[in-house]
Amino acid sequence: MDISEIRTDYVKSGLQRRDLNDDPLQQFTTWFEQARAAELMEVNAMSLATADAAGRPDVRTVLLKIFDEQGYVFFTNYKSSKARQLAANPQAALLFPWLALERQVRIVGRVEKISGAQSLKYFSSRPRGSQLGAWISEQSQPIQSREKLNRLMQQIKARFAAGEIPLPSHWGGYRVVPDHYEFWQGRANRLHDRFSYDLTDAGWQIKRLAP
Ligand SMILES: Cc1cc2nc3c(=O)[nH]c(=O)nc-3n(C[C@H](O)[C@H](O)[C@H](O)COP(=O)(O)O)c2cc1C
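From a predicted model like this one, the values you see are computed outputs, not experimental measurements.

## What to know about the UniProt feature "binding site: substrate" (unreviewed entry) in the chain
Here is step 1: UniProt marks Arg7, Thr8, Asp9, Tyr10, Lys65, Tyr122, Arg126, Ser130, Arg190, Leu191 and His192 with the feature "binding site: substrate" (unreviewed entry), using the numbering shown here. The largest pairwise C-alpha distance within this set of annotated residues, which runs over 186 residues, is 43.8 Å, so the set is dispersed in three dimensions. Within the annotated group just given, the residues that line the largest pocket are Lys65, Tyr122, Arg126 and Ser130.
Here is step 2: Under the relative-accessibility criterion, arginine 7 is labelled exposed at 58%.
Here is step 3: At a separation of 3.3 Å, a polar atom in the side chain of arginine 7 contacts the main-chain carbonyl oxygen of serine 4.
Here is step 4: Position of arginine 126 among the secondary structure elements: in the loop between helix 3 (116-125) and helix 4 (128-136).
Here is step 5: Beyond its immediate stretch of four places on either side in the chain, arginine 126 contacts Gln131, Ala134 and Trp171.
Here is step 6: At 3.4 Å, the side chain of arginine 126 and the backbone oxygen of serine 130 are in polar contact.

Here it is as structure tokens:
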């Protein structure tokens, strides 16, 4: 299929140096709030790129659940493919494709596990069904059938029939601690506005990048 004719000119908005907050976290917060106000679908969905020890890349969607001065936190299975890649190479890139606003944000940084106490706090806030799902899903492993999954769910429901569901040891959060950001705003004629932030000893350095 030749789809080379699909083409949109981006004219919604522009981005100038004086619009930018010196602190990329504040800038991200402003754009996140605008994306949220625009009622974008799954505004906190982000692409998470990782690479294994050999440098082979991988990417998938995860949900951003916490962001603050410490970094950007998502939750997952600590035995999944992404977890194995992060164990070998604890760095990641995040991409927020806020296309309806003709925007994207890219974030790169090192990755660390958050504490068990922090993971428990979030786990406890999840619906019971999601908590049970975290117990039974051997994420990224081959599984025989949907029926097998359903059977495991029935078994775990019976096991934790009453009371609180404990945090599985194989489940928790990772934090991406950024040292690089890029804010991209689409413009006409492909002359987009791009600004990068790099963390240096002197603080965050901002540069305009060619589109
Ligand atoms: C909208 C959306 C949100 C998702 N959120 C998460 C998430 O927060 N955590 C997670 O582990 N997987 C999430 N997934 C599933 C992942 O994309 C992926 O299938 C899974 O984490 C296994 O990835 P891996 O094999 O690379 O470890 C989400 C998928 C979609 C489409």
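## Side note on the layout of surface pockets
Here is step 1: Estimates place the volume of the largest pocket at around 350 Å³.
Here is step 2: What lines the largest pocket is a set of 17 residues, among which Phe75, Thr76, Arg126, Gln139 and Trp171 lie closest to the centre.
Here is step 3: At the level of secondary structure, the elements contributing two or more residues to the lining of the largest pocket comprise strand 2 (57-68), strand 3 (71-77) and helix 4.
Here is step 4: Here the element with the most residues in the lining of the largest pocket is strand 2; it accounts for five residues.
Here is step 5: For the lining of the largest pocket, a count of residues per class yields six nonpolar, seven polar and four charged.
Here is step 6: Of the voids in this model, the second largest pocket is the one considered here, and its volume is about 230 Å³.
Here is step 7: Around the second largest pocket, the lining comprises 13 residues; the ones closest to its centre are Ile136, Ser137, Glu138, Ile143 and Leu152.
Here is step 8: At five residues, helix 5 (residues 146-159) tops the list of elements feeding residues into the lining of the second largest pocket.

## Side note on unusual backbone geometry
Here is step 1: The phi dihedral of asparagine 189 falls on the positive side, at around 60°, and the residue is not glycine.
Here is step 2: Assignment of secondary structure puts asparagine 189 in the loop between strand 6 (171-185) and strand 7 (193-200).
Here is step 3: Looking at asparagine 189, the relative accessible area reads 60%, which means it is exposed.
Here is step 4: Positive phi, close to 65°, is recorded for arginine 190, a residue that is not glycine.
Here is step 5: Within the secondary structure, arginine 190 is located in the loop between strand 6 and strand 7.

## Topic: the pattern of salt bridges
Here is step 1: As enumerated under the stated definition, the model contains eleven salt bridges in all.
Here is step 2: One salt bridge in this structure joins arginine 106 and glutamate 182, with 3.4 Å as the shortest N-O distance. Linking arginine 106 in strand 5 (residues 103-113) with glutamate 182 in strand 6, this pair joins segments that are 76 residues apart in sequence.
Here is step 3: Using a relative accessible area of 38% as the deciding quantity, one classes arginine 106 as partly exposed.
Here is step 4: Judged by relative accessible area, glutamate 182 falls into the buried class, the value being 3%.
Here is step 5: The partner of arginine 208 in a salt bridge is aspartate 193, with the nearest N and O atoms 2.8 Å apart.

Rules of the game
- Residues numbered from 1 in each chain as written.
- Predicted model: local features only at pLDDT ≥ 70, side-chain atom pairs only at ≥ 80, totals over all residues.
- Heavy atoms only, no water.
- UniProt positions renumbered as here; feature names shortened; annotations may be inferred.
- 1 Å grid on protein atoms, 1.4 Å probe; cavity = no way out; pocket = protein on both sides within 12 Å on 5 of 7 lines; lining within 4 Å.
- Buried < 20%, exposed > 50% of the residue type's maximum accessible area, 1.4 Å probe, protein only.
- Polar contact = N/O pair within 3.5 Å; in protein donor to acceptor, adjacent residues only side chain to side chain.
- Helix = DSSP H or I, 4+ residues; strand = E, 2+ residues; numbered from the N terminus.
- Contact = heavy atoms within 4.5 Å.
- Points joined across faces, edges and corners; volume = space filled by probe spheres on them.
- Nonpolar A, V, L, I, M, F, W, Y, C, P; charged D, E, K, R; others polar.
- Salt bridge = Lys/Arg side-chain N within 4 Å of Asp/Glu carboxyl O.

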